[in-house]
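Observations on chain architecture
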Amino acid sequence: MGKIIAIANQKGGVGKTTTTVNLAASLGVLENKVLLIDADPQANATSGLGIDVDSVSVGTYQLLEHTKKAMDAIVKTDSPNVDLIPAHIDLVAIEIELVDKDQREYMMKQAITELKETYDYILIDCAPSLGLLTLNALTAADSVIIPIQCEYFALEGLGKLLNTIKSVQKIHNPDLDIEGMLLTMFDSRLRLSNQVVEEVRKHFANMVFDTIIQRNVRLSEAPSYGESIIKYDASSKGAENYLNLANEMIKRNKQTV
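Read on for an overview of the structure. (Residues numbered from 1 in each chain as written. Predicted model: local features only at pLDDT ≥ 70, side-chain atom pairs only at ≥ 80, totals over all residues. Heavy atoms only, no water.)

**Remarks on the sheet that holds strand S6 (residues 143-149)**
Backbone hydrogen bonds are what pair the strands of a sheet, in a parallel or an antiparallel way. Definition in use: Any two strands with at least two DSSP-identified bridges between them are counted as paired. Working definition: helices are DSSP H or I runs of at least four residues, strands are E runs of at least two. Numbering for both runs from the N terminus. Note on contacts: a residue pair is in contact if any heavy atoms of the two residues lie within 4.5 Å. Fitted lines through C-alpha atoms serve as axes, helices being fitted only where they are in contact, and the angles separating the N-to-C directions of these axes extend from 0 to 180 degrees.
One open sheet accounts for eight strands, arranged S3-S4-S2-S5-S1-S6-S7-S8; its pairing is mixed. Since the sheet does not close on itself, it has two edges, and those belong to strand S3 (75-76) and strand S8 (208-214), each with one partner. The sheet contact formed by strand S7 (residues 177-186) and S8 spans three bridges and is parallel. Within S8, the position partnered with Phe186 by the bridge is Gln214. On the sheet, helix H1 (residues 16-29) packs against strand S1 (3-7), strand S2 (34-39), strand S4 (82-85), strand S5 (121-126), S6 and S7 and is oriented at approximately 165° with respect to S5.

**Digging into the pattern of salt bridges**
Put simply, the rule is: For this analysis, a salt bridge means a side-chain nitrogen from Lys or Arg found within 4 Å of a carboxyl oxygen belonging to Asp or Glu. Partly exposed residues are those whose accessible area sits between 20% and 50% of the maximum for their type, while under 20% is buried and over 50% is exposed, using a 1.4 Å probe and protein chains only.
By the definition in use, this model includes 14 salt bridges. Put simply, Lys101 and Glu65 hold a salt bridge, and the shortest N to O gap is 3.8 Å. Placement of Lys101 in the loop between helix H5 (94-98) and helix H6 (107-112) and of Glu65 in helix H3 (residues 60-65) is noted, with a sequence separation of 36 residues between them. The partly exposed category is assigned to Lys101, whose relative accessible area is 29%. As a salt-bridge pair, Asp142 and Lys116 come within 3.1 Å of each other at their nearest N and O atoms. Of this pair, Asp142 sits in the loop between helix H7 (132-140) and S6 while Lys116 is found in the loop between H6 and S5, placing the two residues 26 residues apart along the sequence. The class for Asp142 is partly exposed, based on a relative accessible area of 22%. When salt bridges with common partners are traced through the structure, they connect Lys33, Lys76 and Asp83 into a single cluster.

Put into structure tokens, the structure is as follows:
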């Protein structure tokens, strides 16, 4: 039985999509069967795995509308063991279209639960908001990874996200866990980066992954080639960080089984 993990933070630019794409690729090379669901209208995870966004005719939009089955929306990627349910800009309309529907928060859960039999990990790249799209992802997920950038406003808005997670646990998904908080964009030369790490670890202790994602030029370059960091430069610091994260996550999940 697979595990569904949402990668969520309503702040933009914290490394959500970078984490989703590269964690998926890392889990894949470690011989796990992975499905990435792009639930962000910007569709950066889709293009980041080398899929032409303009060519997407079936994806997350149809999945949430229940006009197509999940299996019909899945496309293969060049990353070993990684499949994708792509996004398209039309996903931006889904929040308006779902608002009058019954069980609107459960549309994704109803569509993808059966896929847990097929995949070891299902990763959902969430939109940078706490709207209906993210709510659907959190309702469908078993756990959530929260990327936190090692910068000045790192903790701003985190309380709001944690409150949203609590309300989802209370109303829609009592089994939702926090998989972990992931420190991203770390620059060891900056005192501020080190202070943020210290603060986050002090406040959240064991909820924080040991692995820290460091700032890395190769990591920034990879999406423009439609490749994960594993494919683009497997010897880079970014690839090493995400492989470490994948290994840490696998180990944590084995301990909790």
